[in-house]
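What the coordinates show
These are the residues of each chain, in order.
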Amino acid sequence: MRNRVVIVGGTSGIGLATARRLASHGREVVIAGRSAKKLATALAALGPEVTGQTVDARDEAELARFFAEVAPIDHLVVTVTGPSGTTPFRELGLNHIQQHIDGKLLAHTAAMRAALPYLPTEGSITLVSAASAGGSMPTTAALAAVNAGVEGMVPVLAVELAPLRVNAVSPGVIDTDWWSFLPDDARAEAFDSIAASTPAGRVGNADDVAHAIEFLIDNSFTSGIVVRVDGGARLGAPR
Ligand SMILES: NC(=O)c1ccc[n+]([C@@H]2O[C@H](COP(=O)([O-])OP(=O)(O)OC[C@H]3O[C@@H](n4cnc5c(N)ncnc54)[C@H](OP(=O)(O)O)[C@@H]3O)[C@@H](O)[C@H]2O)c1
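Notes on the structure in this doc start here. Keep in mind that this is a model prediction, so the values were computed, not measured. (Residues numbered from 1 in each chain as written. Predicted model: local features only at pLDDT ≥ 70, side-chain atom pairs only at ≥ 80, totals over all residues.)

1. Here's the deal with the overall build of the chain
The condition is simple: Segments assigned H or I by DSSP are reported as helices when at least four residues long, segments assigned E as strands when at least two residues long, and all are numbered from the N terminus. Values of the radius of gyration come from C-alpha atoms, whereas the globule rule sets the reference at 2.2 Å times the count of residues to the power 0.38. The burial criterion counts other C-beta atoms lying within 10 Å of a residue's C-beta, which is placed from the backbone; the residue is buried at 20 or more, exposed at 12 or fewer, and partly exposed between these limits. Once C-beta atoms are placed from the backbone, any two residues with those atoms within 7 Å are in contact.
Of regular secondary structure, the chain possesses 7 helices and 7 strands. Starting at the N terminus and ending at the C terminus, the chain contains elements arranged as β-α-β-α-β-α-β-α-β-α-β-α-α-β. Against the compact-globule benchmark of 18 Å for 239 residues, the chain has a radius of gyration of 17 Å, which places it among compact chains. Across its three principal axes, the chain shows a C-alpha extent of roughly 45 × 40 × 35 Å. Going through the 239 residues of the chain one by one, you find that 40% of them count as buried. For the chain, the share of sequence-separated contacts (at least 6 apart) that also reach a separation of at least 24 residues comes to 70%.

2. Observations regarding the nonpolar core
To keep things clear, this is the line we draw: The nonpolar core is taken to be a set of buried Ala, Val, Leu, Ile, Met, Phe, Trp, Tyr and Cys residues joined by way of C-beta atoms within 7 Å.
Of all hydrophobic cores here, the largest spans 60 residues; its most connected members are Val-8, Leu-76, Val-78 and Ala-111. Dropping the residues within four chain positions of it, Ala-111 is found in contact with Val-8, Ala-57, Leu-63, Leu-76, Val-78 and Val-80.

3. What to know about the site of the ligand
The following threshold applies: Any residue whose C-beta atom, as set from the backbone, lies within 6 Å of a molecule or strand is reported as near that molecule or strand. Classification used: nonpolar for Ala, Val, Leu, Ile, Met, Phe, Trp, Tyr, Cys and Pro, charged for Asp, Glu, Lys and Arg, polar for all others including Gly.
Close contacts around the ligand come from 29 residues, with Gly-9, Gly-13, Gly-33, Arg-34 and Ser-35 the closest. Within the residue set of the shell around the ligand, elements represented by two or more residues are α1 (13-24) and α4 (94-115). When its residues are assigned to classes, the shell around the ligand shows 12 nonpolar, 11 polar and 6 charged.

4. Description of the pairing of strand β1 (residues 4-8)
Selection criterion: Pairs of strands are assigned from DSSP output, requiring at least two bridges between the strands. Look down the strands so they point away from you; if the path from the first strand over the helix to the second goes clockwise, the crossover is right-handed.
Summarising burial for β1: 4 of the 5 residues are buried, a large majority. Bridge count for β1 against strand β2 (residues 28-33) is 5 bridges, and the pairing is parallel. Bridge pairing in β2 places Ile-7 opposite Ile-31. What joins β1 to β2 is α1, and the crossover it makes is right-handed. Note that β1 and strand β4 (residues 75-78) share 4 bridges and pair parallel. Its bridge partner being in β4, Ile-7 is matched across the sheet by Val-77.

5. Some thoughts on helix α2 (residues 36-46)
To keep things clear, this is the line we draw: Directions pointing from the helix axis toward each C-beta atom define the arc.
Leu-39, Ala-42 and Leu-46 are the residues of α2 that are buried. What you see down the axis of α2 is that its buried residues fit within an arc of 70 degrees, all on one side. Turned more than 90 degrees off the buried face of α2, the exposed positions are Ala-36, Lys-37, Ala-44 and Ala-45. On its buried face, α2 sits against α1, β2 and β3 (50-54). Backbone geometry just after α2 places Gly-47 at a positive phi near 95 degrees.

So, in structure tokens, the structure goes:
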């Protein structure tokens, strides 16, 4: 088993759950995020198998320094998020769309490009898109666009960078800090309503997605796919 995994965006939510899961199964894990405070809290919770550094995945120079310092690595996971929340299309200014592009699509792309010189051919890259890609939920046009962009790169890079494997997970609604733009009561109400219209009968938790990421790292005959982890929400409400 190739052992050292870097998780850019690993200081909270899905990335943090992935770090916890991989470390508990014997992997050496390096996490990164922008906030030193979030990094310190995550490292204290994770224990000595996990190390970390601050890095802004929108900054190519910071990424170059980071990967040179943490190399050699075997697998890259990118769980960086752009702005959270949704916006009606008529109110969606171009500067806001640009923040989505910079915060998610460019950050994922920059992290991959910076990691490439250090990834062995038998390694892997796992990205995180979202169920908004290819969906039709009003007010999610910016999210749909950037996440479709992330998914669109997966089959291309799986062939272009082969035998390095490139995959993604596409989460549905997952209970993480991404939803902290909603006050607690509004978030609980939204989650209840989403759970009722989801075949699995609940919203997801971060480890549901971490489990799929672990599979994509472990399974050396899997490349160019997007694994949906959405409780069946794309299929519509149970009848
Ligand atoms: N939660 C959901 O319902 C859901 C659904 C579908 C898809 N997703 C996707 O899942 C991924 C993980 O989201 P999450 O729910 O786990 O959110 P989260 O808890 O907010 O975690 C986001 C992580 O990314 C880091 N980050 C953000 N911008 C960064 C940057 N420029 N450079 C480096 N690190 C950065 C954050 O740390 P810092 O803020 O300190 O940088 C944090 O560690 C995202 O791509 C998100 O779009 C989430």
